Amino acid sequence: GAGVSQTPSNKVTEKGKYVELRCDPISGHTALYWYRQSLGQGPEFLIYFQGTGAADDSGLPNDRFFAVRPEGSVSTLKIQRTERGDSAVYLCASSDGTSGGLSYNEQFFGPGTRLTVL
Amino acid sequence: DAKTTQPNSMESNEEEPVHLPCNHSTISGTDYIHWYRQLPSQGPEYVIHGLTSNVNNRMASLAIAEDRKSSTLILHRATLRDAAVYYCILRYGGSQGNLIFGKGTKLSVKP
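My aim in this report is to walk through the structure given alongside it, one point at a time. Per chain, residues are indexed from 1 in the order of the written sequence. Written order decides the labels, with chains lettered from A and ligands numbered from 1. Reporting in this predicted model follows two pLDDT cut-offs: at least 70 for local features of residues, and 80 or more for side-chain atom pairs to be given and counted; totals over whole chains, interfaces and linings ignore these cut-offs and use all residues. Excluding hydrogens and water, the side-chain values take into account all heavy atoms of the structure.

## A few points about the overall build of chain B
Right, so step 1: In terms of helices and strands, chain B carries 0 helices and 9 strands.
Right, so step 2: Where helices and strands are cited, they refer to DSSP runs of H or I of at least four residues and of E of at least two residues respectively, numbered from the N terminus. Its helices and strands taken in sequence order, chain B reads β-β-β-β-β-β-β-β-β from the N to the C terminus.
Right, so step 3: Compactness check: chain B gives a C-alpha radius of gyration of 13 Å against a globular reference of 13 Å for 111 residues, within 12% of the reference.
Right, so step 4: With respect to the three principal axes, the spread of C-alpha positions in chain B is 40 × 30 × 25 Å.
Right, so step 5: Each residue is assigned to one of three classes by its accessible area relative to the maximum for its type, calculated with a 1.4 Å probe on protein chains only: buried under 20%, partly exposed between the two thresholds, exposed over 50%. By the burial criterion, 49% of the 111 residues in chain B qualify as buried.
Right, so step 6: Note on contacts: a residue pair is in contact if any heavy atoms of the two residues lie within 4.5 Å. Pairs at least 24 apart in sequence give 57% of the contacts found in chain B among residues at least 6 apart.
Right, so step 7: Reported accessibility uses the Shrake-Rupley method at a 1.4 Å probe radius. Residues are deemed covered only where the shown protein chains occlude them. Accessible surface, chain B: about 5600 Å² in total, of which carbon and sulfur atoms supply 48%.
Right, so step 8: In this tally Asp and Glu are treated as negative and Lys and Arg as positive; neither His nor the chain ends contributes. All charge positions are set by atom: Lys at NZ, Arg at CZ, Asp at CG, Glu at CD. Side chains of chain B carry 11 positive and 10 negative charges; the gap between the two charge centres is 5 Å. Computation of the radius of gyration draws on C-alpha atoms alone. For the globule rule, the value is 2.2 Å times the number of residues to the power 0.38.

Right, here's the structure in full:
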């Protein structure tokens, strides 16, 4: 079946511009996560959605970052007034989101969007 | 979530077993041990998880110390496609929330 997809795969923008990154989760997955990964580092959590609502946005670095998931499926990560330090790979993941005694709730990751801010 | 410690890098020869260690001395009784790996230019992928008992699946085995303060991911026969960064992550049982990644262990596999 189709996995998590992210578009675009690469985005180059100029400092100060606005960007949107899109994530299409696995169909039926209620939980959706955004991470970002800088070179040589592990992924860093940004925000987690359960359905349409943000269950945890504690990882968003500042108010320039915002994410939505209006219909509980596709999500868009929005970055305003981009800075060079925002350059990273932005990863999206989804999971079944139901507990039901499951201990692992495996997260399925997309290939990421590489954002470069010049 | 408790912290994990892994070596920065390891090397293996193709077709040989690989033992990737992880220390988690502050693990709590409700923390599960998860392993993910990230192949070059890809997102992470789930490998295996466990609580107390050793676990096997088609990808790997997970050996958990009796005191649960450490664990080892075992790849029984490394292939070139196993070259990746391996992350050991502790996660509260049943948690829906985010994964907390460290820097992981970069595994190189030599032909």
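## Notes on the overall build of chain A
Right, so step 1: Each helix and strand counted, chain A has 0 helices and 11 strands in total.
Right, so step 2: Ordered by position in the sequence, the α and β elements of chain A form the string β-β-β-β-β-β-β-β-β-β-β.
Right, so step 3: On C-alpha atoms alone, chain A measures out to a radius of gyration of 14 Å, which is about the 13 Å that the 2.2 N^0.38 rule sets for 118 residues.
Right, so step 4: Dimensions of chain A, computed from C-alpha atoms along their principal axes, come out at roughly 45 × 25 × 25 Å.
Right, so step 5: Each of the 118 residues in chain A was classed as buried or not, and the buried ones make up 46%.
Right, so step 6: Taking the contacts inside chain A whose residues are at least 6 apart along the sequence as the reference set, 55% of them involve residues at least 24 apart.
Right, so step 7: Of the side-chain charges in chain A, 11 are positive and 12 negative, and the distance between the mean point of each set is 9 Å.

## Things to note about the interface of chain B and chain A
Right, so step 1: Taken together, the contacts link 20 residues of chain B with 24 residues of chain A.
Right, so step 2: Buried area: the accessible area, evaluated with a 1.4 Å probe, that two parts lose upon being put together, summed over both parts. Taken together, the two surfaces of chain B and chain A that pack against each other cover about 1700 Å², and 49% of this comes from carbon and sulfur.
Right, so step 3: For this analysis, a salt bridge means a side-chain nitrogen from Lys or Arg found within 4 Å of a carboxyl oxygen belonging to Asp or Glu. Connecting chain B to chain A are 0 salt bridges.
Right, so step 4: Any pair of nitrogen or oxygen atoms within 3.5 Å is treated as a polar contact; in protein, a donor-acceptor pairing is required on top of that, and neighbouring residues in sequence qualify only through side-chain atoms on both sides. Connecting chain B to chain A are 4 residue pairs in polar contact (both at pLDDT 80 or more).
Right, so step 5: Residue assignment for the side of chain B that touches chain A shows that the elements contributing at least two residues are strand 3 (31–38), strand 4 (45–50) and strand 8 (84–92) of chain B.
Right, so step 6: When residues of the side of chain B that touches chain A are assigned to their parent elements, the largest contribution, 4 residues, is made by strand 3 of chain B.
Right, so step 7: Gly is put with the polar residues, along with every residue not named as nonpolar or charged; the nonpolar set is Ala, Val, Leu, Ile, Met, Phe, Trp, Tyr, Cys and Pro, and the charged set is Asp, Glu, Lys and Arg. Considering only residue class, the side of chain B that touches chain A consists of 7 nonpolar, 11 polar and 2 charged.

## Here we look at the sheet that holds strand 9 (residues 105–110) of chain B
Residues and elements named next belong to chain B.
Right, so step 1: With mixed pairing, the 5 strands of this open sheet are ordered in space as 1-9-8-3-4. What marks the edges here is a single partner per strand, and that holds for strand 1 (9–13) and strand 4. Adjacent strand axes in the sheet meet at a mean angle of 25°, parallel and antiparallel pairs treated alike.
Right, so step 2: Relative to strand 8, strand 3 runs antiparallel, the two being bridged by 8 bridges. Directly across from Tyr32, in strand 8, lies its bridge partner Arg91. DSSP-based pairing: two strands are paired if at least 2 bridges between them are found. Orientation is described by axes fitted as lines to C-alpha atoms, over the contacting stretch for helices, and by angles from 0 to 180 degrees between their N-to-C directions.

## Details of the sheet that holds strand 8 (residues 75–79) of chain A
Residues and elements named next belong to chain A.
Right, so step 1: Here 4 strands make up an open sheet; going across it, the order is 1-3-8-7 and the pairing antiparallel. The open sheet has two edge strands, strand 1 (5–7) and strand 7 (65–68), and neither has a second partner. Strand-to-strand, the axes of this sheet are offset by a mean angle of 15°, without reference to chain direction.
Right, so step 2: Of the strand pairs in this sheet, strand 7 and strand 8 are connected by 4 bridges, and their pairing is antiparallel. Pairing of Ala67 across the sheet is with Leu77, part of strand 8.

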